[in-house]
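# Structural overview
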Amino acid sequence: MTVPLPTDTTRWRCTLCGNLTRFDVTRASKVVEYVHLDLAGEPNVEEREVLSETIESVRCRWCNAVDQVELVDRPGAAS
């Protein structure tokens, strides 16, 4: 099940317990990074471009439900 991302006017809500604030999100991403190594060999990502990203699952931190998330309107969001 693909879970839609929240927008400026929507947010996630667990359909089982009503949680609006705590979720574990599993993503698959394809990125290009510019990595700068210092003289000691420590890496530092200086630029990151996301080529594609998919949310694979969302788990509610309160009730542990997996993929029981819906999009609801944010309070005060203009419809």
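Look a little higher up for the structure.
Structural notes, computed from the coordinates. Position numbers for residues start from 1 in each chain and track the written sequence from start to end. With pLDDT at 70 or above as the cut-off, local features in this predicted model cover only qualifying residues; side-chain atom pairs require 80 or more to be listed or tallied, and sums for whole chains, interfaces and linings still use all residues. Water and hydrogen atoms play no part in the side-chain values, which are based on all heavy atoms of the structure.

### Remarks on the pattern of salt bridges
Only one rule defines a salt bridge in this text: a Lys or Arg side-chain nitrogen within 4 Å of an Asp or Glu carboxyl oxygen. Enumeration according to the criterion identifies five salt bridges in this entry. Between Asp24 and Arg61 there is a salt bridge, with its nearest N and O atoms 2.7 Å apart. On the criterion of sequence distance, the pair formed by Asp24 in strand β2 (residues 23–37) and Arg61 in the loop between β3 (43–60) and β4 (69–73) is long-range, its members being 37 residues apart. For Arg27, the salt bridge identified is with Glu53, shortest N-O distance 3.4 Å. With Arg27 in strand β2 and Glu53 in strand β3, this residue pair connects regions lying 26 residues apart in the sequence. For the exposure calls, accessible area comes from a 1.4 Å probe over protein chains only, and a residue counts as buried if that area is under 20% of its type's maximum, exposed if over 50%, partly exposed in between. Of the residues examined, Arg27 reaches a relative accessible area of 42% and is grouped as partly exposed. Runs of H or I in DSSP of at least four residues are treated as helices and runs of E of at least two as strands, each being numbered from the N terminus.

### What about the nonpolar core?
Core analysis: the largest hydrophobic core is formed by nine residues, namely Val3, Trp12, Cys14, Phe23, Ile55, Val58, Cys60, Ala65 and Val69. Those elements that provide at least two residues to this core are β1 (10–14) and β3. It is β3 that provides the largest number of residues to this core, a total of three residues. Side-chain atoms within 4.5 Å link the members of a nonpolar core, which is a set of buried Ala, Val, Leu, Ile, Met, Phe, Trp, Tyr and Cys residues.

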